[in-house]
Amino acid sequence: MPLARTYAIALNGVDGNVVEVEADIAAGLPAFSLIGLPDAALGESRKRVTSAAMNAGCPLTQRKLTVNLSPASLRKQGSAFDLAIAVAALAAAGDLSAESAAAAVHLGELGLDGRVRPVPGILPAVIAARAAGFARVLVPAANAEEAALVDGVEVVPVVSLRHAAIHHGSDLEPVDVVPVGAAVVGAPATDSAPVRAHPEPDIADVAGNDEAVEALVVAAAGGHHLSMIGPPGAGKTMLATRLPGLLPDLTDEQAIEVTCIRSLTDAGIAGRGSPGDPASSPRALIRRPPFESPHHTASAAAIVGGGTTRIVPGAIVRATHGVLFLDEAAEFPPSVLDSLRQPLESGTITIHRATGTATFPARFQLVLASNPCPCGRYGSPDEECTCTPIARRRYLARLSGPLLDRVDIRLAVRRIGLAALRIRSDPEASPAPASGMASGSGVRSHPSAEPPAASGTASADRFRFDPGAATPPEAVSASALLRERVVIARAAAAARLAGTDWTRNADVSGAWLRTGALRLPRATVGALDRALDRGAITMRGYDRTLRLAWTMADLDGASTPTGHHIGAALFLRRGAA
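Numbering of residues starts from 1 in every chain and runs along the sequence as written. It should be noted that, the model being predicted, local features are given only for residues of pLDDT at least 70 and side-chain atom pairs only at 80 or more, the latter also being counted only at that level, while totals for whole chains, interfaces and linings use all residues. To get the side-chain values, take all heavy atoms of the structure and skip hydrogens and water.

Section: the overall build of the protein chain
Phase 1: For the protein chain, the helix and strand inventory stands at 22 helices and 19 strands.
Phase 2: Relative accessibility thresholds used throughout: buried, under 20% of the residue-type maximum; exposed, over 50%; partly exposed, between the two (1.4 Å probe, protein chains only). Expressed as a percentage of the 577 residues in the protein chain, the buried residues total 50%.
Phase 3: The contact definition used throughout considers only heavy atoms, calling two residues in contact when any of these lie within 4.5 Å. Of all intrachain contacts in the protein chain linking residues separated by at least 6 positions in sequence, the fraction that spans at least 24 positions is 73%.
Phase 4: Only the protein chains shown count as cover for residues, and the accessible areas themselves come from Shrake-Rupley with a 1.4 Å probe. Element-wise, carbon and sulfur atoms account for 53% of the exposed surface of the protein chain, whose accessible area totals about 24,500 Å². Only DSSP runs of H or I reaching four residues or more are called helices, and only runs of E reaching two or more are called strands; each is numbered from the N terminus.

What about the nonpolar core?
Side chains that are nonpolar tend, in soluble globular proteins, to be buried together.
Phase 1: Residues belong to one nonpolar core when they are buried, are Ala, Val, Leu, Ile, Met, Phe, Trp, Tyr or Cys, and are joined through side-chain atoms within 4.5 Å. Core analysis: the biggest nonpolar cluster contains 53 residues, and Ile409 and Leu411 have the highest contact counts within it.
Phase 2: At nine residues, helix α8 (residues 210–222) tops the list of elements feeding residues into this core.
Phase 3: Listed in part, the 42 residues of the second largest apolar core include Leu42, Leu65, Leu69 and Val156.

Digging into the pairing of strand β3 (residues 31–35)
Phase 1: Here β3 shows a clear split, with Phe32 and Leu34 buried on one side and none of Ala31, Ser33 and Ile35 buried on the other.
Phase 2: DSSP calls a pair of strands paired once it identifies at least 2 bridges connecting them. Sheet topology places β3 next to strand β4 (residues 64–70); five bridges connect them, and they run parallel. Looking at β4, one finds that Leu34 is bridged to Val67.

A short note on the packing of α8 against helix α18 (residues 478–496)
Phase 1: The convention used is that axes are lines fitted to C-alpha atoms, helices contributing only their stretch in contact, and that angles between N-to-C directions extend from 0 to 180 degrees. Look at α8 against α18: their axes get within 9 Å of each other, and the N-to-C directions meet at 40 degrees. By the angle between their axes, α8 is oblique relative to α18. Considering only the axes of α8 and α18, their crossing is right-handed. Here Val213, Glu214, Val217, Ala220 and Ala221 of α8 come into contact with α18, specifically with Leu482, Arg485, Val486, Ala489 and Arg490. Roughly parallel means an angle under 35 degrees; roughly antiparallel means over 145; roughly perpendicular covers 65 to 115; every other angle is labelled oblique. When the near helix sits turned anticlockwise from the far one by under a right angle, the crossing is termed left-handed; a clockwise turn instead gives a right-handed crossing.

Re the pairing of strand β15 (residues 348–353)
Phase 1: Bridging between β15 and strand β16 (residues 356–361) involves six bridges; their strand directions are antiparallel. Of the residues in β16, the one forming a bridge with Thr348 is Pro361.
Phase 2: The hairpin turn running from β15 into β16, its antiparallel successor, is two residues long.

Concerning the environment of Ser509
Phase 1: Position of Ser509 relative to the elements: it lies in the loop between α18 and α19 (510–515).
Phase 2: Judged by relative accessible area, Ser509 falls into the partly exposed class, the value being 28%.
Phase 3: In this structure the C-alpha to C-alpha distance between Ser509 and Arg544, which are 35 residues apart in sequence, comes to 9.4 Å.
Phase 4: The residues touching Ser509, leaving out its near neighbours within four places in the chain, are Trp502 and Arg547.

Notes on the packing of α8 against helix α21 (residues 539–556)
Phase 1: At a closest axis distance of 9 Å, the pairing of α8 and α21 adopts a crossing angle of 105 degrees. Considering their axes alone, α8 and α21 lie roughly perpendicular with respect to each other. The residues of α21 that touch α8, namely those facing Val217, Val218, Ala221 and Gly222, are Leu548, Thr551, Met552 and Leu555.
Phase 2: Split by residue class, the contact of α8 with α21 holds six nonpolar, two polar and no charged. Residues are grouped as follows: nonpolar covers Ala, Val, Leu, Ile, Met, Phe, Trp, Tyr, Cys and Pro; charged covers Asp, Glu, Lys and Arg; every other residue, Gly included, is treated as polar.

Some details on the pattern of salt bridges
Phase 1: Whenever a carboxyl oxygen of Asp or Glu lies within 4 Å of a side-chain nitrogen of Lys or Arg, that contact is scored as a salt bridge. Enumeration over the complete set of coordinates arrives at 24 salt bridges.
Phase 2: Here Arg483 ties to Glu200 by a salt bridge, and the two come within 3.7 Å at their closest N and O atoms. Of this pair, Arg483 sits in helix α18 while Glu200 sits in the loop between α7 (161–167) and α8, placing them 283 residues apart in sequence.
Phase 3: Between Asp408 and Arg544 there is a salt bridge, and its shortest N-O distance comes to 2.9 Å. Note that Asp408 is positioned in the loop between α16 (401–404) and β18 (409–413) and Arg544 in helix α21, a separation of 136 residues in sequence.
Phase 4: Classification of Asp408 by relative accessible area gives buried; the value is 2%.
Phase 5: Three or more residues are tied together by salt bridges with common partners; here these are Glu345, Asp405, Arg406, Asp408, Arg540, Arg544 and Arg573.

Given below as structure tokens:
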């Protein structure tokens, strides 16, 4: 048969497009032409496929072979088309069943020895094949467990091109071949040496800073963004790294999306089972929220994503449905920080390059941590700050107003004192603070926040945290206990938002809260209205404070926010009431 076809998948972000791979054999001198807008890596597949077919015992035709990747206007990237090209060429030569080849999708890179090597992006590719109506997908053996996560598709793992040809009816004799493992493409695990997931740090490790812990619970319950400013050693990083432990497990839809993103990276999803779950497969769906913490020297492309030929996801994409922690936020270039503004609002990022565009999900929870000044000692009771006022202003000005306006909770965290440390170690002890040392811990508004108005007071007492409530019984972490509060609060929000496109308070439209059935009485939002009237908050800040108040009401088990919740939300956001 001079013409045969099969199918492959071209990925664009996390979305896949079906590509028809046509092979035509015509009279003429031996030649192998590949058309259909391939990139450099795909263009080199002619040599890989030719050598792989020869070494697998099923050489290609010695006539003129033309392979077309359709649609021709769609740019194709990567080596995952090798298997489909080889199968189409063999089917056109009559070496295997053309009908069987045309009924399946083929994914995989070919080595020169004929073995099929694993490729990134198998999970989103198989999902795209299922959506297009295909019932069978041939994948590299090393990617078989990942592909099997998709229901409704028959996954056929193949070790070599020879095995793929035999599956499609070739009369070749089977040959035992050692499969290429995931470690060859840089994955951190193989079947012989699985990687164990690291346990999430426990919130019980935090000594003092009880109000900051409660603020973390509020952030986790509503999906709110958080900013912390304080001197070195105040515990900002410790608090931020424990936020993922307070978040509930991902839903099925979220787990698939997060795992697809992980699959797009060269490491694949090996070793990413649920932490602490012994029954979790090393290549199961990722059930815990991801945590990304890029260094402050990261570029804008590293944060949002980019690339010259292949567009790869950045840190904000990898943090989807999880936490993006920017430690030493004021040390990041302002242009990098401001690149987060649009994804924070839309929950997606579209990357434009000369070679094309790609859209990725980017619905993450942002946590910023920074020192109050270049020397880090401003506001410390026992150390003198050497920075000038203008140096402090310039340092914090790196966190632009538009970016901070999108942050719901802003905390100023100070170092804990000896009393708080000893009470944490021995709750019955209550020593007097040493001379020159802070005698407690707490949370204040940002140094740049306006002072409270005379019409009200703002105090951390409005959202006290009971340390005793986080004292876990044996073998139960404090983070797990606080996570139960978060799960209950999120369930209340989801029940209230049933019938809408939202499930978390942080995602709710401000206009819907202000004008819909859940509109609060004027007496309740009086403090919020006054803050808006005097310019203490913007209209965006008004809506975000309302969402924050609803989250605090859900945590308290209240059916609707009260003036107490509005005041506490204002304190968390601006220190104004």
